[in-house]
Amino acid sequence: MSENTDLIIVGGGISGASLLYTVAKFTDIDDVTLIEKEREIAAINSHRTNNSQTLHFGDIETNYTLEKAEEVKEGAELLAGYLEGTDPDREMHSKRSKMVLGVGDEEVAKLEERYRENGFGDLFPKLREIGREEIEELEPKVVEGRDPSTELKALQTPDGYVVDYGAVAKSFVDAAREEEGVGVHLGTAVENVDEGRDGFTVETDDGDFAADAVVVAAGSHSLQFAKEMGYGEHMSLLPVAGSFFLADDLLNGKVYTLQMKKLPFAAVHGDADVHDDGVTRFGPTAKLVPTLERGRFSTASDFADVFGFSPASVLSYANILSDRILFPYVVRNLVYDLPEVGKRAFLPNVQKVVPTVDVDDIERAKGYGGVRPQIVDTKNKELDMGEAKITGDGILFNITPSPGASTALKNAMTDVQTVLDFFDEDHEFDEEAFREATIANFPRVDGGAETDADEDDDAGVEDDTEAEDDTGAEDDDAEDDDSDDRVPAKADD
């Protein structure tokens with residue numbers, strides 16, 4: 001097989017799929033091709049069991065600064081608007097109450113400061129302070145069995161979107177395929193990307209593809225491709241695998257705990273599964289792994305390619321892992337994976353949310369979890385907490401740690417502008433139509449797109465039309481969020 005196209009997107013996770021959707025539906029680029037090594041879209045980190053299923057707005061994520069929350073907020077609203085407009089029967093998502101819980105005087109004071117003085121109450125109009133009585137109304141198990149003398153407060157919002165990012169990625173691809181000039185090749189592993197004078201040749205195990213421009217949206221493997229082509233030499237990755245514990249029906253919505261400072265990983269939280277609200281998941285844990293994909297030891301060699309074993313990489317890892325907060329955290333998370341001992345060690349994290357839970361009430365979620373690629377800056381020998389975009393002449397590499405899934409459409413909008421630059425502005429992006437199909441549908445407190453059902457949600461009541469309806473990494477996720485399916489350079493979110 002040999003095909004010519006204008007643009008090739010490598011990777012069929014939520015990031016690649018959202019870019020395909022945006023290019024196909026809202027630009028006049030004639031031909032675009034997506035190549036994915038797995039036989040289905042969103043089979044790895046974007047799959048619902050491999051990320052936290054959370055749409056991160058930045059409202060209750062207490063490791064976000066106000067500036068970070070402002071960046072994430074628009075991205076989340078774009079995706080929420082898309083869901084509101086295309087998924088009225090809640091087959092890809094559900095909408096529930098969401099809160100961050102403060103237990104004890106010190107945590108309550110931190111929440112009050114965050115809400116009243118740090119600007120989060122102004123940035124998120126639906127976010128509100130609630131006390132013990134309202135917490136109990138929304139989440140009885142959070143209060144049951146807790147010492148009545150313990151100070152309790154939460155910041156709560158109705159915008160608790162629980163998302164099956166794999167299903168969303170598939171919906172993006174399905175919508176894109178309605179347009180002419182869109183090609184999707186599944187079960188096709190990219191082996192090499194070669195840059196020539198007249199464009200790029202993408203070599204796969206099913207033939208070569210020629211394109212004027214390429215976007216590599218393959219998560220951790222994006223850096224592998226980049227390094228093979230001479231880009232990203234000052235970068236490495238810290239792959240973090242997330243896991244979850246399962247319990248019976250304990251929570252109605254999402255309940256987060258306060259984030260420990262200096263940690264790039266999501267705070268432990270509890271929430272009902274997107275497709276089965278009779279199951280409550282607690283997590284994620286965060287374990288360092290020497291692979292780019294969870295449970296696929298064949299990707300250990302891919303990690304070696306990304307790590308490079310250079311003095312700068314080794315010193316960067318040593319500097320990061322010697323941190324007095326991060327190192328004990330890493331050790332604790334290794335213990336959580338041990339049989340029996342692990343769930344006993346993790347139990348206090350669950351009891352922070354639901355005090356009456358016993359060790360027999362939880363079990364490890366077998367087969368759940370993905371890998372979140374935490375970016376390492378080997379120049380400064382520290383973690384880079386943002387996403388990475390490496391741009392060459394006609395080629396873009398995307399590495400999207402959490403909350404990459406939550407901000408997938410915003411990232412796609414940014415990437416489209418880069419792609420148009422590759423074509424010397426010969427094509428156009430209809431941003432107005434893009435926003436009309438996405439963020440224009442997001443319900444706001446001023447009644448913007450709000451319906452009676454949304455008002456019920458604002459009161460913490462689940463919509464009657466909601467389907468009875470996530471887990472270690474992605475992007476958002478990997479926790480979250482967040483993450484993309486991985487397309488390796490030499491085999492396998």
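Only a predicted model underlies this, so the values are computations on that prediction, with no experimental measurement involved. (Residues numbered from 1 in each chain as written. Predicted model: local features only at pLDDT ≥ 70, side-chain atom pairs only at ≥ 80, totals over all residues. Heavy atoms only, no water.)

K.L.:
So what's going on with the side chain of arginine 114? Residues and values would help.
P.N.:
Looking at the element boundaries, arginine 114 is found in helix 3 (residues 105–116). Buried within the structure, arginine 114 lacks any salt-bridge partner; its nearest side chain of opposite charge belongs to glutamate 61, at an N-O separation of 6.5 Å. Only 2.9 Å separates the side chain of arginine 114 from the backbone oxygen of glutamate 61, close enough to count as a polar contact. Among all residues touching arginine 114, those that are not within four sequence positions of it are Gly58, Asp59, Glu61, Thr62, Tyr64, Gly119 and Phe120. (Helix = DSSP H or I, 4+ residues; strand = E, 2+ residues; numbered from the N terminus. Buried < 20%, exposed > 50% of the residue type's maximum accessible area, 1.4 Å probe, protein only. Lys, Arg positive; Asp, Glu negative; His and termini not counted. Salt bridge = Lys/Arg side-chain N within 4 Å of Asp/Glu carboxyl O. Polar contact = N/O pair within 3.5 Å; in protein donor to acceptor, adjacent residues only side chain to side chain. Contact = heavy atoms within 4.5 Å.)

K.L.:
Any details on the nonpolar core? Residues and values, ideally.
P.N.:
Nonpolar side chains in soluble globular proteins tend to be buried together. In this structure, Leu20, Leu55, Val168 and Phe172 are the most contacted members of the largest nonpolar core, which totals 64 residues. Residues in contact with leucine 20, not counting those within four places in the same chain, are Ile9, Val32, Leu34, Val173, Ala176, Val182 and Val184. If you look at the next biggest cluster of nonpolar residues, it comprises 40 residues, including Val10, Ile35, Val240 and Leu326. (Core = buried A, V, L, I, M, F, W, Y, C linked by side-chain atoms within 4.5 Å.)

K.L.:
Lay out the sheet that holds strand 5 (residues 152–163) in plain terms, naming residues and giving numbers.
P.N.:
Ordered by their spatial adjacency, 8 strands build an open sheet running 4-5-3-12-13-14-11-16, and the pairing between neighbours is mixed. Bordering the open sheet on either side are strand 4 (128–131) and strand 16 (363–364), each of which pairs with just one other strand. For strand 12 (residues 254–257) and strand 13 (residues 269–272), the ladder comprises 2 bridges, and the chain directions are antiparallel. Residue pairing in the sheet places valine 255 in a bridge with glycine 270 of strand 13. Taken strand by strand, helix 3 contacts strand 3 (93–103), strand 4 and strand 5, and its axis lies near 65° from that of strand 5. (Pairing = 2+ DSSP bridges. Axes fitted to C-alpha atoms, helices over the stretch in contact; angles between N-to-C directions.)

K.L.:
Now, about the packing of aromatic side chains: what can you tell me, with residues and values included?
P.N.:
Given two aromatic rings, one states the distance between the centres and the angle between the planes to describe the pair. Applying the stated criterion across every chain, the model contains 14 aromatic pairs. Ring geometry for tyrosine 82 versus phenylalanine 172: centroids 4.7 Å apart, planes at 50°, classification tilted. With tyrosine 82 in helix 2 (residues 66–86) and phenylalanine 172 in helix 7 (residues 165–176), this pair connects stretches of sequence that are 90 residues apart. On the accessibility criterion, tyrosine 82 (3% relative accessible area) is buried. Residue phenylalanine 172 is classed as buried on the basis of its relative accessible area of 0%. Taking the centre distance of 4.7 Å and the plane angle of 80° together, the rings of phenylalanine 307 and phenylalanine 309 count as edge-to-face. Residue classification places phenylalanine 307 among the buried positions, given a relative accessible area of 6%. Among the aromatic side chains, those forming a connected cluster through ring pairs are Tyr21, Phe26, Tyr82, Phe172, Phe429 and Phe434. (Phe/Tyr/Trp six-rings, centres within 6.5 Å; stacked < 30°, edge-to-face > 60°.)

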